[in-house]
Amino acid sequence: MLRWMISLVAALWSAAPGVMAGERPLGHLVLNGGGGKPAEVMEKFVELAGGPEALIVVFPTASAEPDTGQYYQDLLAEYGCTNVVVVDVHSNDDATDPEIVETLERAGGIYFSGGDQRRITTALLGTPVGDAVKGAFMRGAVVGGTSAGTACQSGLMITGDGDFTVITAGNVELWNGLGFFQGVIVDQHFVARQRYNRLISVVLEHPELLGVGVDEETAVWVRPDGTFKVLGEGWVVVFDASDSSISRGYRKSGEVTLGVHDMRTHVLQPGEVFDLSERAVVCAEDCRE
């Protein structure tokens, strides 16, 4: 009963901020795990945005560095992009600007920088600009991001570090995310920073969600048909505990430990394709050739 209630609350929470159950966005996601941005990843983002002349809106919201917007303008210029707009959105007040809303209504691509994902959701959720980002994604604009810009895309969003040495309940702080990457909880810098225990802890508390860990210099290209393809240089790890037996234990310290039997784990390499609705790999070795 408790597990059912947790699952129901998580499902409602994860759907509420972004794409609701039954809605079918026409947009794609290109989400990098952090670190370097491989040419294959950036080229795919620009292609899906409509090509180098398309309007691309950059949100440097997650970053505390003042030159982040210029960095992305310069980066996208390397791929021939000539119509890049950096928007200054750092608060709910900023996110009421009608000029930004109008710009997003014309955008072919939207990109979120790295930094602290809480800055993104605190500024955007429940605002006209946040609604305009969703509207653009629903009509077909591509949404891209890296690091924090990737972490914020699931309905439940991981924040902070958590304790990497244990698998326990309440180990990781969760906030509302944008909710565009449906049915998952996503983590970034995954293999490079050995974040397995963190994501496993979250998945065992929310087994209705797939855990998707995206490595550095690696991206998931999430398509409207509910599949994603791995791009870049590293790995994407998927944890699926939906049909698993999950157990709880108790330490003298009061911590609630978590265990699992028969959890499915997929370690995907570049080129491989995963079906989110079927929770299965649909194209493996042949895709890498």
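About the thresholds
- Residues numbered from 1 in each chain as written.
- Predicted model: local features only at pLDDT ≥ 70, side-chain atom pairs only at ≥ 80, totals over all residues.
- Heavy atoms only, no water.
- pLDDT = per-residue confidence, 0-100.
- Contact = heavy atoms within 4.5 Å.
- Patch = residues over 30% accessible without salt bridge, like charges linked within 9 Å, V, L, I, M, F, W, Y side chains within 5 Å.
- Areas by Shrake-Rupley, 256 points an atom, 1.4 Å probe, with all protein chains shown as cover.
- Salt bridge = Lys/Arg side-chain N within 4 Å of Asp/Glu carboxyl O.
- Lys, Arg positive; Asp, Glu negative; His and termini not counted.
- Charge placed at Lys NZ, Arg CZ, Asp CG, Glu CD.
- Buried < 20%, exposed > 50% of the residue type's maximum accessible area, 1.4 Å probe, protein only.
- Core = buried A, V, L, I, M, F, W, Y, C linked by side-chain atoms within 4.5 Å.
- Helix = DSSP H or I, 4+ residues; strand = E, 2+ residues; numbered from the N terminus.
- Pairing = 2+ DSSP bridges.
- Axes fitted to C-alpha atoms, helices over the stretch in contact; angles between N-to-C directions.

**Q** An account of the confidence of the model for the protein chain is requested, with residue identities and associated values reported.
**A** Considering every residue of the protein chain, the mean pLDDT works out to 92; 92% of them sit at 70 or more. In the model, residues 1-16 has pLDDT below 50 throughout and makes 23 contacts with residues more than four positions away in sequence or in other chains.

**Q** I'd like a description of a negative patch on the surface, backed by residues and values.
**A** The grouping of Glu40, Glu43, Glu217 and Glu233 at the surface amounts to a negative patch. Residue Glu40 is classed as partly exposed on the basis of its relative accessible area, which comes to 40%.

**Q** Just give me the short version of the nonpolar core, but keep the residues and values in it.
**A** Core analysis: the biggest nonpolar cluster contains 47 residues, and Phe59, Leu104, Phe112, Phe181, Val220, Phe228 and Val236 have the highest contact counts within it. Of the residues forming this core, the biggest block, 6 residues, is contributed by helix 6 (residues 128-139). Apart from residues lying up to four places away in sequence, Leu104 is in contact with Val57, Phe59, Ile110, Val129, Ala132, Val133, Ala136 and Arg139. Of all hydrophobic cores here, the second largest spans 20 residues; its members include Val30, Tyr79, Tyr111 and Leu231.

**Q** Go over the sheet that holds strand 9 (residues 210-214), please, and point to the residues and values.
**A** Strand order in the open sheet made by the 4 strands is 8-9-12-15, with mixed pairing throughout. The sheet is open, and its two borders are formed by strand 8 (184-187) and strand 15 (264-268), each paired with just one other strand. Going across the sheet, the axis of each strand differs from the next one's by a mean of 15°, ignoring polarity. Lying over the sheet, helix 8 (residues 196-205) contacts strand 8, strand 9 and strand 12 (236-240), oriented at roughly 165° with respect to strand 8.

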